[in-house]
Amino acid sequence: MTIEVDTSVVRGGAEASGELASDVNRALEYFDSHIDKSQSWVAGELMNWLLAEHSSFAASVESGLLRSKSLMAATQGALNDVAQRFDENEYDAQVTVRDLFGDLDPTAVTTPIDADTARQSLAFDSPVGALVAPESSLADPAFQVVWGILTWPDYLSLSFLTRKLINGAIQLVQPGWTGGQDVFEFLAQKLSGDWDKVALAGSAFGHVGDFFDELAGTVQNLAVGVFASWTSGEGADQAGEYFAELVAAFAAQPDVYSDLETKYTNAAWAAYGACQAMLSALDALVDAIIAAAMGVSSVAEAVAALFTLGGMAPAAIVTAVIAAVQAFSSAWGVMMTATSTAIAAGAVIGSATTTIEFVSIPEA
């Protein structure tokens, strides 16, 4: 049986496979840039608990990317060998090239990719297009506006204003201690964790998942193109199964990375909510103490006192107004403590219950 093979097309597939190996290497660089493989960057007791397996997760991601790079490099070598053998001896090649493509999943009977396999639609010219800069959901402008509206009574709180003065003084004396961060948030993060870094890591995991999605589609399209010019023989069948299993391994990765994104994003919200709850509780307590020292123990009592201002001396009026404002600020602080605690609790549950089950990528 004569097998017609356009070896120039096969060599083109080899070159494209080599480029994809380089793309995976860029994904590794992206991973190293945005996700610290150690545990130090998630400092905080809450985060250490929620992300106790971080180092293991990072090792699995790195291993998967390294295996993916090796597979694409091996694919490049195998396709180049196919082209060379068919150029040298067409008859011998139809038997020997089948040994160039191993069965990546011996436990599965896989339908080989061939010229009739559907092509995948792609969002980017190259899979690395998915590796955009990570974004923190906590930095979302819409959320910041809503949170700013909810916390506007802070500017009536003597406790909040005192904290700002203390922070300003510390930044002047020791500007490098907190790296410019509010000192009270800095201290709270020692208990909760650095939510910004964790949220960015979660986003980066999601983008690596998008990369694998694009990689799977790109490899499938590459294979369809190759088999349009290498249409028959045992070697083509074996290679078609190899490519099908390679695509399946890559296509299974995005779900794992989506789970990682969910786990880390929820952990970030848990840390943020816990920090805000601590600060709101502190402000509420101090404001309540101030109001009580001025003879007001509740907002209702403060409102009642305001209706008697007409018969009071100016100094007493000022005291009553300040007491009323602090009583209101304390009550609002209690509400914000409850709100932030609810955010933290929901996010803790979301993060803690998201389990990560990696889908192994075969070795080359």
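The structure reproduced in this document is the subject of the present report. Bear in mind that the values here come from a model prediction, so they are computed numbers and not experimental data.

1. Section: the side chain of Glu214
Then, number 1: In this fold, Glu214 is placed in helix α8 (residues 195–227).
Then, number 2: Although Glu214 lies buried, it forms no salt bridge, and the closest oppositely charged side chain, Arg119, sits 13 Å away as judged by the N-O distance.

2. Focus: the packing of helix α3 (residues 54–88) against helix α9 (residues 234–251)
When two helices pack together, their arrangement is given by the angle between the helix axes and by the axis-to-axis distance.
Then, number 1: Between α3 and α9, whose axes approach to 12 Å, the crossing angle comes to 160°. The pairing of α3 with α9 is recorded here as roughly antiparallel in orientation. Once α3 is placed against α9, the crossing between them reads as left-handed. Across the interface between the two elements, Ser68, Leu71, Met72, Thr75 and Leu79 from α3 touch Tyr242, Phe243, Leu246 and Phe250 from α9.
Then, number 2: Grouping the amino acids of the contact of α3 with α9 by side-chain chemistry returns 7 nonpolar, 2 polar and no charged.

3. Examining the side chain of Ser68
Then, number 1: Its location among the elements puts Ser68 in helix α3.
Then, number 2: Exposure remark for Ser68: the relative accessible area of 0% places this residue in the buried category.
Then, number 3: Dropping the residues within four chain positions of it, Ser68 is found in contact with Val24, Phe212, Phe250 and Ile361.

4. Considerations on the packing of aromatic side chains
Then, number 1: For the coordinates displayed, the defined rule picks out 16 aromatic pairs.
Then, number 2: Consider the rings of Phe101 and Trp230, whose centres lie 6.3 Å apart with planes at 50°: the pair is tilted. Here Phe101 is found in the loop between α4 (90–96) and α5 (141–150), whereas its partner Trp230 is found in the loop between α8 and α9, with 129 residues between them in sequence.
Then, number 3: On the basis of relative accessible area, Phe101 is assigned to the buried category, the value being 1%.
Then, number 4: By relative accessible area, which is 1% here, Trp230 ends up buried.

5. Some words on the nonpolar core
Then, number 1: By size, the foremost hydrophobic cluster in this structure holds 84 residues, and its most contacted members are Phe101, Val219, Trp230, Phe243 and Phe250.
Then, number 2: No other element matches α8, which puts 17 residues into this core.

Conventions we followed
Residues numbered from 1 in each chain as written. Predicted model: local features only at pLDDT ≥ 70, side-chain atom pairs only at ≥ 80, totals over all residues. Heavy atoms only, no water. Helix = DSSP H or I, 4+ residues; strand = E, 2+ residues; numbered from the N terminus. Buried < 20%, exposed > 50% of the residue type's maximum accessible area, 1.4 Å probe, protein only. Lys, Arg positive; Asp, Glu negative; His and termini not counted. Salt bridge = Lys/Arg side-chain N within 4 Å of Asp/Glu carboxyl O. Axes fitted to C-alpha atoms, helices over the stretch in contact; angles between N-to-C directions. Parallel < 35°, antiparallel > 145°, perpendicular 65-115°, else oblique. Left-handed = near helix turned anticlockwise from the far one by under 90°. Contact = heavy atoms within 4.5 Å. Nonpolar A, V, L, I, M, F, W, Y, C, P; charged D, E, K, R; others polar. Phe/Tyr/Trp six-rings, centres within 6.5 Å; stacked < 30°, edge-to-face > 60°. Core = buried A, V, L, I, M, F, W, Y, C linked by side-chain atoms within 4.5 Å.

It is worth stressing that arrangement in space is one thing and function is another; only the former is reported here.
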